[in-house]
Amino acid sequence: MAVAKNPWRRVELCFLIAYAVVFQCYVVYHSVRISEEYSKGSKAGWLNGLRQGWIMNQLMDLSDSQWRTFRAGLPALTGVMAIFTILAGGLKAGLHVSGRAMAWFWLIVSLSYITYLHGACVVFILAILISNFAITKAFGGTRALPILIWTFNIGFLVANRVYEGYRFSSFGEQLAHLDQYRGVMRWQISFNFVILRMLSFSLDYHWARILRPSTVNWEKHAQQCDLCTLEASEDSKAGCYLARQERPVPLFQYDVVMYLAYVLYAPLYLAGPIVSFNAFASQLEKPQRTYSGTQIAVYGLRWLACFLLMEVLTQFCYFNTLAISGVWQMLSPTEIFLIGYGVLNFMWLKFLLIWRFFRFWTLVNGIEAPENMTRCMNNCYDLEGFWKGWHSSYNRYLVRYLYIPLGGSKWRLINVWIIFTFVAIWHDLEWKLLSWAWVTCLLWVPELVVKSIVKSHRMEGFRNSPLFRECCALAGSFNTTGLMTANLVGFVVGPAGMHMLFSRMLSLQNIPLLFGIVFSMYIGTKIMFHIREWEAQQKENEKLKVPRSKSVD
């Protein structure tokens, strides 16, 4: 490892860790102090969304509607997960069913599940799904299919929000009474994930029809993947997730039963992660082998530990409500930074808990979904790495179904604008999300240009110099600061609050604070470099070991 070979790097790492510990203690201490001032002090009652907690008689920040709804529904979701898993396990163990029989099972239980969630609005969902299936079967294998299917799905993505899930009364007074039976949640919200699965089915079928070649080097992949041999990677029913995704299943499996079981699959219906159709159909036939039962159990215990961490966080640090209640406008610039940094950590932990709960549900049922949060948000120093580690399954989805079909790296500087605009519209029809998307693109384009220049042959000498590492760390600090700003604009203050945010932070008297923020991000980036070096060393050590068995218990 580089640190062990270079005494100076070891001293540097000790300093970096010491600074990081002090920085995090400072953030926690002052965040708790600010939260207490608005919950027990002179400004008590100013915040929205505080509820009685269960730790030391503290109030709890439940101002985030997404987290509040998930937390309240967790007992019911856990019960549903247990029932569905027991039924599925009984069928597999007792009757040895798989493939199409399991597709029928998941179709039936998933229809029951979404009928409870959406009531009579299931009619709208099924109508859109069947229409998408009909278009796919009619035009699959022709050049018209990609354009037709993207137009169809984006059209309904927008229409569902504009017309707020439609009213039965709009289709005739005789149907108006059905508007009283719309279930317990709005169907158009979770339907965004259904649209992604509809597109996945249609394009996977289309590419299977035209025999589209895979971009994966299977020989190289088989050397690096413990689950895949070269023979297994050529078989859609064996190997790792990537092998199952890239290899099409037999054409007869692209039928209406497998399609509906996939797009309505109960464990992933509400929030993902996003699984491609090929991978789903393959794993119904032959369950995943990536994780053993012990590993899945440990995964569940880790989720529980993260949930307890969130409970502690929301009862002592009221990051979200301090942001959405408008109180941030009355805070000092230092406090604005602390709350902004805290909000992003809260959002990361919230999504980690939601996505990993549903991923755990799929794993216990033999389906591997990609991990969404592959890195902590505090361990990402560039935009490209951040988006590979935050909602990773969505990133992989966009690469497979948008980025590569749009030309890949040849048109990267243009593709990024198209992709992030789609991502913003997919999330919701709000100007603040479009602002977030375009601010992110403005940050990303210079990063891509600089990376391209640095990788050129003329810069080889600079890349090998000590100055290069320092320049990368400084660039990473600016990237991290810009990323925080983009997410605050998109998900907290919005375009209307952007001017006030900048006017409060970008003033002469705040130059020392801005320097402190950039320096702290610089220190964090240097720590990330050490982590990457350690990870690279671990990979090298793995290569030197005797190859492990390809089987997984």
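Every chain is numbered on its own, with residues counted from 1 as its sequence reads. Residues qualify for local features only when their pLDDT is at least 70, as the model is predicted, and side-chain atom pairs are given and counted only at 80 or more; totals for whole chains, interfaces and linings, by contrast, use all residues. Side-chain calculation: all heavy atoms of the structure are included, whereas hydrogens and water are not.

> Explanation requested: the overall build of the chain in the structure shown.
Here a helix means four or more residues in a row that DSSP labels H or I, a strand means two or more in a row labelled E, and each is numbered from the N terminus. Helices and strands together make up the secondary structure of the chain, namely 23 helices and 2 strands. Values of the radius of gyration come from C-alpha atoms, whereas the globule rule sets the reference at 2.2 Å times the count of residues to the power 0.38. Against the globule reference of 24 Å for 553 residues, the chain gives a C-alpha radius of gyration of 25 Å, in line with a compact fold. For the chain, the spread of C-alpha atoms along the three principal axes comes to 65 × 60 × 45 Å. When a residue's accessible area, from a 1.4 Å probe over protein chains only, is under 20% of the maximum for its type it is buried; when over 50% it is exposed; and in between it is partly exposed. Taken across its 553 residues, the chain has 50% of its residues classed as buried. It only takes one pair of heavy atoms within 4.5 Å for two residues to be counted as in contact. Sequence-distant contacts in the chain: of pairs separated by 6 or more residues, those separated by 24 or more amount to 74%. If you sum the accessible surface of the chain, you get close to 26300 Å²; carbon and sulfur atoms cover 66% of it. Only four residue types enter the tally: Lys and Arg on the positive side, Asp and Glu on the negative side; His and the chain ends are excluded. For charged residues, the charge sits on one atom: NZ in Lys, CZ in Arg, CG in Asp, CD in Glu. Computing the positive centroid from 50 side-chain charges and the negative centroid from 33, the chain places the two 2 Å apart. Reported accessibility uses the Shrake-Rupley method at a 1.4 Å probe radius. Residues are deemed covered only where the shown protein chains occlude them.

> What's the story with the nonpolar core in this structure? I'm lost.
The tendency in soluble globular proteins is for nonpolar side chains to be buried as a group. Ranked by size, the top nonpolar core spans 146 residues in total, and within it Leu129, Met198 and Trp390 carry the most contacts. Looking at this core element by element, the count peaks at 19 residues for helix H16 (residues 333-363). Residues in contact with leucine 129, not counting those within four places in the same chain, are Phe191, Val194, Met198, Tyr259, Leu260, Val263 and Leu264. What makes a nonpolar core is a set of buried Ala, Val, Leu, Ile, Met, Phe, Trp, Tyr and Cys residues whose side-chain atoms join them at distances within 4.5 Å. By size, the runner-up hydrophobic cluster in this structure holds 7 residues, among which are Cys225, Leu227, Cys240 and Ala243.

> Explanation requested: the packing of helix H4 (residues 100-118) against helix H11 (residues 256-263) in the structure shown.
Two elements in contact, H4 and H11, have axes whose closest approach is 8 Å; the angle formed by their N-to-C orientations is 50°. Between H4 and H11, the interaxial angle falls into the category oblique. Note that H4 runs across H11; the crossing there is left-handed. Facing Arg100, Ala103, Trp104 and Leu107 of H4, the residues of H11 in contact are Val257, Met258, Leu260 and Ala261. Axis definition: a line fitted to C-alpha atoms, limited for helices to the stretch in contact. Angles are taken between N-to-C directions and run from 0 to 180 degrees. Should an angle lie under 35 degrees it is considered roughly parallel, over 145 roughly antiparallel, and from 65 to 115 roughly perpendicular; all remaining angles are considered oblique. In this scheme, a crossing is called left-handed if the near helix is turned counterclockwise away from the far one by less than a right angle; it is called right-handed if the turn is clockwise.

> Looking at this structure, how should I read unusual backbone geometry?
The general pattern is negative phi for most residues beyond glycine and trans for most peptide bonds. That bond from glycine 272 to proline 273 is cis: its omega, 5°, falls within 30 degrees of zero. Here proline 273 shows up in the loop between helix H12 (266-269) and helix H13 (277-285). In the Ramachandran plot, methionine 56 falls in the positive-phi region, its phi being about 50° despite a non-glycine side chain. Mapped onto the elements of the fold, methionine 56 is located in the loop between strand S1 (50-52) and strand S2 (59-61).

> I'm lost on the packing of aromatic side chains in this one. Help?
Each aromatic ring pair is described using two quantities: the centre-to-centre distance and the angle formed by the ring planes. Stacked, edge-to-face and tilted are the three classes for Phe, Tyr and Trp ring pairs, Trp counted by its six-membered ring, which pair at centre distances within 6.5 Å; planes under 30 degrees apart are stacked, over 60 edge-to-face, the rest tilted. Applying the stated criterion across every chain yields a total of 53 aromatic pairs. Judged by centre distance (5.8 Å) and plane angle (55°), the rings of tryptophan 303 and phenylalanine 357 are tilted. Of this pair, tryptophan 303 sits in helix H14 (residues 293-316) while phenylalanine 357 sits in helix H16, and the two are 54 residues apart along the sequence. The residue whose ring lies beneath arginine 212 is tryptophan 207, and the NZ or CZ to ring-centre distance is 3.8 Å. The ring of phenylalanine 351 carries the charged tip of lysine 350 above its face, separated from the ring centre by 4.4 Å. In this analysis the charged atom, NZ for Lys or CZ for Arg, is taken to sit over a ring once it is within 6 Å of the ring centre and within 35 degrees of the ring normal.

> What should I look at first to understand the pattern of salt bridges in this one?
Note on pairing: side chains with opposite charge can pair once their charged atoms come close. Every case where a carboxyl oxygen of Asp or Glu lies within 4 Å of a side-chain nitrogen of Lys or Arg is listed as a salt bridge. For the coordinates displayed, the defined rule picks out 20 salt bridges. Between arginine 469 and glutamate 533 there is a salt bridge, and its shortest N-O distance comes to 2.7 Å. Taken together, the positions of arginine 469 in helix H22 (residues 466-505) and glutamate 533 in helix H23 (residues 511-544) put the pair 64 residues apart, joining distant regions of the chain. Where salt bridges share partners, they join Arg9, Glu12, Arg469, Glu470, Lys526 and Glu533 into one cluster.

The analysis is restricted to geometry; functional conclusions fall outside its scope.
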